[in-house]
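Each chain, letter by letter, is given below.
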Amino acid sequence: MTSDQLEHIQHTKNFVKQTLESAEGGHDWFHILRVYNNSLLISKNESVNDYVVALGALLHDIADSKFYDGDETIGPQKAREFLFKINVDSTVIEHVVKIIENVSFKGGNEAQSFSSKELDVIQDADRLDALGAIGIARTFNYGGYKNRKLYDPSIPPDLKMTKEAYKASTAPTINHFYEKLLLLKDRMHTKTGKQIAQNRHLYMEGFLKQFYAEWNGKK
């Protein structure tokens with residue numbers, strides 16, 4: 001990368017860290033940093049534009065719609081304005097904005113309107129952070145933030161939700177494992193992403209087995 005590109009990345013890190021200073025614990029600067037580091041790891045085995053991957057990973061959750069009444073336009077707009085301000089090339093800005101618009105899960109039944117290798121890398125990296133030990137921690141942290149039940153056997157998971165229903169759901173936290181987390185392993189794009197996801201998926205299955213045993217008063 002050029003010196004200007006490296007400077008843009010550093011400016012972006014500073015901007016994101018400051019912007020998300022008071023964010024919910026599962027969507028804060030440390031989430032961004034993990035996704036950024038996972039993106040760099042995955043990129044080593046992919047033919048991608050590392051500059052676009054870096055900027056896209058850092059800005060992918062700059063304004064998650066969950067915390068803006070479901071408004072999906074704020075994140076792309078904030079990213080566009082910031083990148084323009086630091087003189088990033090317009091072609092790169094458009095690519096990063098498209099990544100932000102398409103990176104999230106959105107219930108799993110929503111078709112993406114854009115595709116690129118860079119999006120694949122960042123999407124895999126973001127999904128990896130929803131898996132394994134950290135994925136479990138983030139899920140229950142968000143459930144607590146929204147004051148949701150841990151589990152209610154009378155409320156089964158809904159695997160056929162529309163995008164709107166998924167965004168509006170107030171279901172118990174355990175349901176989220178079936179409505180999103182356990183689906184991610186088979187929706188990874190890259191070889192590295194698939195390998196890491198497999199291990200984290202198995203860890204979650206073990207957690208759920210233990211959870212139900214304890215819930216039902218078994219050893």
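Summarised in this report is the structure supplied together with it.

About the cut-offs
- Residues numbered from 1 in each chain as written.
- Predicted model: local features only at pLDDT ≥ 70, side-chain atom pairs only at ≥ 80, totals over all residues.
- Heavy atoms only, no water.
- Phe/Tyr/Trp six-rings, centres within 6.5 Å; stacked < 30°, edge-to-face > 60°.
- Helix = DSSP H or I, 4+ residues; strand = E, 2+ residues; numbered from the N terminus.
- Buried < 20%, exposed > 50% of the residue type's maximum accessible area, 1.4 Å probe, protein only.
- 1 Å grid on protein atoms, 1.4 Å probe; cavity = no way out; pocket = protein on both sides within 12 Å on 5 of 7 lines; lining within 4 Å.
- Points joined across faces, edges and corners; volume = space filled by probe spheres on them.
- Nonpolar A, V, L, I, M, F, W, Y, C, P; charged D, E, K, R; others polar.

Digging into the packing of aromatic side chains
All chains considered together, the criterion is met by eleven aromatic pairs. Their ring planes at 25 degrees and their centres at 5.8 Å tell us that Phe 177 and Phe 207 sit as a pair that is stacked. Of the two residues, Phe 177 sits in helix α9 (residues 173-179) while Phe 207 sits in helix α10 (residues 191-215), which places them 30 residues apart along the sequence. What makes Phe 207 partly exposed here is its relative accessible area of 25%. Three or more aromatic residues joined by ring pairs form one cluster here, namely Phe 140, Tyr 151, Phe 177, Phe 207, Phe 211, Tyr 212 and Trp 215.

Examining the layout of surface pockets
Summary: where empty space remains is shown by rolling a probe the size of a single water molecule over the atoms. Here the largest pocket is characterised by a volume of approximately 1100 Å³. Considering the residues around the largest pocket, the lining is formed by 46 residues, among which His 27, Asp 64, Lys 66, Tyr 166 and Lys 180 are closest to the centre. Among the elements of the structure, α4 (74-85), α5 (90-102), α6 (117-128), α7 (132-145), α8 (163-168) and α9 are those that each provide at least two residues to the lining of the largest pocket. Among the elements that make up the lining of the largest pocket, the one with the highest residue count is α7 (five residues). When its residues are assigned to classes, the lining of the largest pocket shows 14 nonpolar, 16 polar and 16 charged.

Geometric descriptors of this kind do not, in isolation, establish any biological role.
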